[in-house]
Structure formats: structure tokens, C-alpha cells
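The lines below spell out each chain.
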Amino acid sequence: MKNAALSVGIWLCLCCASLQAQTEEEKELRSTNEATLVGIGKYNIKDTYLSPINYNGWGLRILNERMKTVALGNYRFSRQQMLNIDVSFTDNPAETASAFSGFVDYTLNYHYRFAPQKDLKILVGPGVQADLGFIYNTRNSNNPAAAKVSLNLTLSAMAIYTARIREYPVTLRYQLDMPVAGGLFSPHYGQSYYEIFDLGNYKGVVVFASLHNQLACRHYVTADFPLGCFTLRAGFLNSSYRTDIHHIKTHVISNSFMIGFVKEFISFGGKKLKQKERYSSAYY
């Protein structure tokens with residue numbers, strides 16, 4: 001009797017250990033997909049606080065993106081983080097004045113995932129986006145620069161499809177992000193920053209923003225090409241940002257060609273994966 005009880009106890013311990021090991025293994029199998037890309041492209045900028053004229057030129061962009069499946073909704077959601085830094089150098093049509101801009105924005109999206117086909121993923125969900133930047137005009141003396149600060153709730157949608165060309169996989173992605181509601185900083189037309197920050201005339205400079213006074217969207221198209229032990233990602237990013245607040249109209253429109261590398265790794269320790277097919281990727 002004692003032997004039977006001991007056998008049952010050992011069997012239960014082994015089962016518990018096996019279940020615990022499986023649980024830990026499942027957690028380890030959920031990898032992070034990270035990509036870092038650089039881009040160059042055309043920019044069109046206008047801010048009537050500084051000048052009523054369009055400025056055109058070129059700009060540089062660095063984009064870091066991370067995606068990982070999370071436990072929310074029984075692992076039906078994935079988390080996407082995007083950090084974007086871009087600068088532009090533009091001139092007026094007569095090339096008698098220049099404008100410089102710089103922006104940093106961080107986006108956090110949570111996508112619900114559909115898989116209508118084996119090689120197709122559809123992702124939709126909400127997000128939040130924070131932007132910080134400036135536009136500087138070399139021609140102005142009184143008000144040479146305009147600050148850009150905003151925080152928005154966004155809607156995001158993405159489609160990821162893996163096409164196979166003679167067994168060679170090419171992963172294609174299209175993503176659309178659009179802010180729908182939030183707040184932003186904007187001075188009144190003709191109001192200087194000296195009035196706002198030194199004299200304390202800051203009434204109305206933080207305003208509610210939605211589709212009636214802010215229209216923005218970001219289209220992002222990429223293609224992943226596995227090349228031996230690494231993956232190359234090439235893409236095109238179209239970003240359009242327009243506001244009409246306090247009789248000040250602003251737009252920043254850019255089209256950038258992107259290229260960079262992708263890695264798949266376990267978050268703990270950042271260990272890079274050599275056999276990606278063994279792991280549950282949020283992207284592939």
C-alpha cells in the first residue's frame with residue numbers, strides 16, 4: 001500500500017514538473033521581432049505661424065519597431081512599439097530662405113489578431129502616440145521657431161502576408177495609423193513664445209484635437225527578405241500631418257524609402273534566435 005502511494009506521489013510530482021516545464025517553455029517560445037531602419041526622402045512643410053509659403057526639401061529618418069505577442073485575450077493580442085526620429089532640410093521656392101525641422105514620436109499599439117489564412121494575418125486595435133518636435137525658419141527674427149507637442153489616441157490596422165516564390169518566403173506588410181482624439185500645443189496667431197512662457201499668457205494654447213482640426217495618417221509598406229543568418233527589410237513610409245488651429249495652418253508631409261535589418265530574439269537576455277521556425281513570432 002505504501003509503495004502504491006509512493007508511486008502515485010512520484011507520478012503526480014513528475015506531472016506537475018512536466019506541466020511547469022511546458023508552461024515555462026511556452027513563455028520562452030514567444031519571441032520579440034525587432035527592426036531598425038533608416039530612410040531618406042522628400043519633405044513638404046508649411047506653418048503659417050512662421051510663413052505662408054510651402055518649403056520643400058529632403059529629410060532623414062530612423063525607425064525602430066518591436067512586436068511581441070502578449071497574454072491579453074489569451075494571446076490574441078500583440079504589442080507594437082515604434083520610435084521614430086526624423087529631421088528635414090527644406091527651402092522656399094525662390095531658395096532665399098530655409099526651414100529645418102526635427103521630430104521624435106513614440107507609438108504604442110495593441111492589435112487584435114485574425115488569421116483568415118495560414119500565411120495571412122490581419123491586426124487591428126487602439127494605440128497611443130506622443131510627438132515632440134520643432135520647425136525653425138531662418139528668415140524670421142521675432143518668431144523663428146514653432147514647437148510641436150501632441151498626445152493622441154490612435155487607431156491602427158495592419159495586414160501581414162507571407163508570399164512564397166519557389167519556397168523562398170517574402171513577408172509583406174501594410175500598416176495604417178491614424179490619430180482620432182487627443183491634445184496638442186499651439187500658440188495663437190501672432191502670439192510670441194515670450195508672451196506664453198515669460199508673461200504667462202498661456203490661456204488656450206493647449207487644445208483638444210480631433211478630426212475637425214487635426215488630420216494625420218501614416219502609411220507603412222515593407223517587405224522582408226531572409227538572407228542567410230539575417231533578414232533584410234525594405235519599405236516605404238508616407239506620413240501626412242495637418243492641423244488648423246487658432247488660424248494657424250500646418251502640414252508636414254513626407255515620403256521616405258526605408259531599409260534596415262530585422263532580428264528575432266527572446267526578451268530575457270536578448271538572445272538572438274537561429275531557428276525562428278521553432279518560436280511563436282508576432283510578425284512571421
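Coordinates for the structure precede this section.
What this report covers is the structure whose coordinates are included nearby. (Residues numbered from 1 in each chain as written. Predicted model: local features only at pLDDT ≥ 70, side-chain atom pairs only at ≥ 80, totals over all residues. Heavy atoms only, no water.)

Moving on, we get to the overall build of the chain. When you go through the chain residue by residue, the secondary structure sums to 3 helices and 12 strands. Looking at the chain residue by residue over its 284 residues, the buried ones come to 41%. Taking all contacts inside the chain whose residues are at least 6 apart in sequence as the whole, residues at least 24 apart take part in 63%. Carbon and sulfur atoms form 64% of the exposed surface of the chain, whose accessible area is close to 16,000 Å². (Helix = DSSP H or I, 4+ residues; strand = E, 2+ residues; numbered from the N terminus. Buried < 20%, exposed > 50% of the residue type's maximum accessible area, 1.4 Å probe, protein only. Contact = heavy atoms within 4.5 Å. Areas by Shrake-Rupley, 256 points an atom, 1.4 Å probe, with all protein chains shown as cover.)

Attention now goes to the side chain of S186. Mapped onto the elements of the fold, S186 is located in the loop between β7 (168–185) and α3 (193–197). Residue S186 is classed as buried on the basis of its relative accessible area, which comes to 9%. Excluding residues within four positions of it along the chain, S186 makes contact with G204, V205, I245, H246 and I248.

This paragraph deals with the packing of aromatic side chains. For any pair of aromatic rings, geometry is given as the distance between the ring centres together with the angle between the planes. Throughout the structure, instances matching the rule amount to 11 aromatic pairs. On the basis of an interplanar angle of 90° and a centroid distance of 5.8 Å, the ring pair of Y49 and Y193 is categorised as edge-to-face. Of this pair, Y49 sits in the loop between β1 (32–47) and β2 (51–70) while Y193 sits in helix α3, placing them 144 residues apart in sequence. Of the residues examined, Y193 reaches a relative accessible area of 18% and is grouped as buried. Following the ring pairs from residue to residue traces out a cluster consisting of Y49, F185, Y193 and F197. Between R233 and the ring centre of Y283, over which it is positioned, the NZ or CZ distance is 4.4 Å. One residue, K263, lies across the ring of F265, its end atom 5.0 Å from the ring centre. (Phe/Tyr/Trp six-rings, centres within 6.5 Å; stacked < 30°, edge-to-face > 60°. Lys NZ or Arg CZ within 6 Å of the ring centre and 35° of its normal.)

Let's shift gears to the pairing of β1. For β1 and β2, the ladder comprises 15 bridges, and the chain directions are antiparallel. Residue pairing for β2: A35 is matched across the bridge by E65. (Pairing = 2+ DSSP bridges.)

Let us now look at the pattern of salt bridges. Using the criterion set out here, one finds 10 salt bridges in the structure. Here K263 makes a salt bridge to E34, at a shortest N to O gap of 3.9 Å. Of the two residues, K263 is situated in strand β11 (residues 248–266) and E34 in strand β1; the sequence distance between them amounts to 229 residues. Taking the relative accessible area as the measure of exposure, E34 reaches 10% and is therefore buried. (Salt bridge = Lys/Arg side-chain N within 4 Å of Asp/Glu carboxyl O.)

This part takes up the side chain of T90. Residue position: T90 is located in strand β3 (residues 77–91). Here T90 is in contact with Y43, I45, Y55, N56, G57, A97, S98 and A99, once residues within four sequence places are set aside.

Grouped together as the largest cluster of nonpolar side chains are 12 residues: I45, Y49, L50, F103, I135, A146, F185, Y193, I196, V205, I248 and V252. Mapped by element, the contributors of at least two residues to this core are α3 and β11. Aside from chain neighbours lying at most four places away, what touches I196 is F185, P187, Q191, N201, Y202 and V205. Grouped together as the second largest cluster of nonpolar side chains are 8 residues, L63, L237, M258 and V262 included. (Core = buried A, V, L, I, M, F, W, Y, C linked by side-chain atoms within 4.5 Å.)

Right, let's talk about unusual backbone geometry for a bit. Residue Y75 is not a glycine yet carries a positive backbone phi of 60°. Relative to the helices and strands, Y75 resides in helix α2 (residues 72–75). With a phi angle near 65°, H247 is a residue other than glycine that sits in the positive phi range. Within the fold, H247 resides in the loop between β10 (230–245) and β11.

Side chains of I40, W58, L60, V87, F89, F100, F134 and Y136 sit close together on the surface and give an oily, nonpolar patch of about 680 Å² of accessible area. Inspection of the secondary structure puts L60 in strand β2. L60 gets classed as partly exposed once you look at its relative accessible area, which sits at 38%. (Patch = residues over 30% accessible without salt bridge, like charges linked within 9 Å, V, L, I, M, F, W, Y side chains within 5 Å.)

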